[in-house]
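Architecture at a glance
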Amino acid sequence: MTSRIPFVIAILTLICGVFISIIFGANEDFFKDKIKEGLSKNEKISLIQDVAEKDAVLKAESEKNWRYYQRFHFHATGIGAMVMGVLLFISFLSAPQGLKNITSYAVAIGGFLYPFLWLFAAIYGPELGREVAKEKYAVFGYMGGLFLLGLFLSLFMAIKYSFKSSK
């Protein structure tokens, strides 16, 4: 039996992705106002003297930061669903339990944490700058590598081990 904890993590990933979409639907302006507020504190943008140029930068940055919130939603729901599928697949393999557990945790933890790169970039990107925010929270981006490692381990097990026989 594969540990239940990775399944719980997969469900939490899905909940995060769906929850933020519900908040979008209930009050999208909250996010857009937070972006606008953060952009008003952005030092680089405040140094722009030309009004038309500043307005264009504000509009472009606002749209890009809004997209980061959406990326959190897309990645959390999409990766959460992938994690659930991989975990179910792993549970049917006759691989050693230790390898299955390592793979399950890698897929689940990596899949859960990676989308937070986009959430934190969305929250802090307007004020700090998008690139600075992504660099500051890069550890969450690296979790995508842990997720990918789990996928490669899943592939390895799929090639090396057969499905459990039903008795």
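Attention here is on the structure that accompanies the text. (Residues numbered from 1 in each chain as written. Predicted model: local features only at pLDDT ≥ 70, side-chain atom pairs only at ≥ 80, totals over all residues. Heavy atoms only, no water.)

What follows covers the environment of T77. For T77, the position within the fold is in helix α3 (residues 51–91). Taking the C-alpha atoms as reference, T77 lies 31 Å from K41; in sequence the two are 36 residues apart. Not counting the four nearest positions on each side in its chain, T77 is found in contact with L14, G17 and V18. (Helix = DSSP H or I, 4+ residues; strand = E, 2+ residues; numbered from the N terminus. Contact = heavy atoms within 4.5 Å.)

What follows is about the packing of aromatic side chains. Each aromatic ring pair is described using two quantities: the centre-to-centre distance and the angle formed by the ring planes. In the structure shown here, the tally under the stated rule is 16 aromatic pairs. When the centroid spacing of 6.4 Å and the interplanar angle of 45 degrees are considered together, the rings of W66 and Y69 count as tilted. Pair noted here: W66 and Y69 are both in helix α3, with a separation of three residues, about one helical turn. Take W66: its relative accessible area is 12%, and that puts it in the buried class. For Y69, a relative accessible area of 6% puts it in the buried group. Considering the side-chain rings of F89 and F163, the 5.7 Å spacing of their centres and the 90 degrees angle between planes classify their relative orientation as edge-to-face. Of this pair, F89 sits in helix α3 while F163 is found in the segment after α7 (138–160), placing the two residues 74 residues apart along the sequence. Owing to a relative accessible area of 31%, F89 belongs among the partly exposed residues under this scheme. (Phe/Tyr/Trp six-rings, centres within 6.5 Å; stacked < 30°, edge-to-face > 60°. Buried < 20%, exposed > 50% of the residue type's maximum accessible area, 1.4 Å probe, protein only.)

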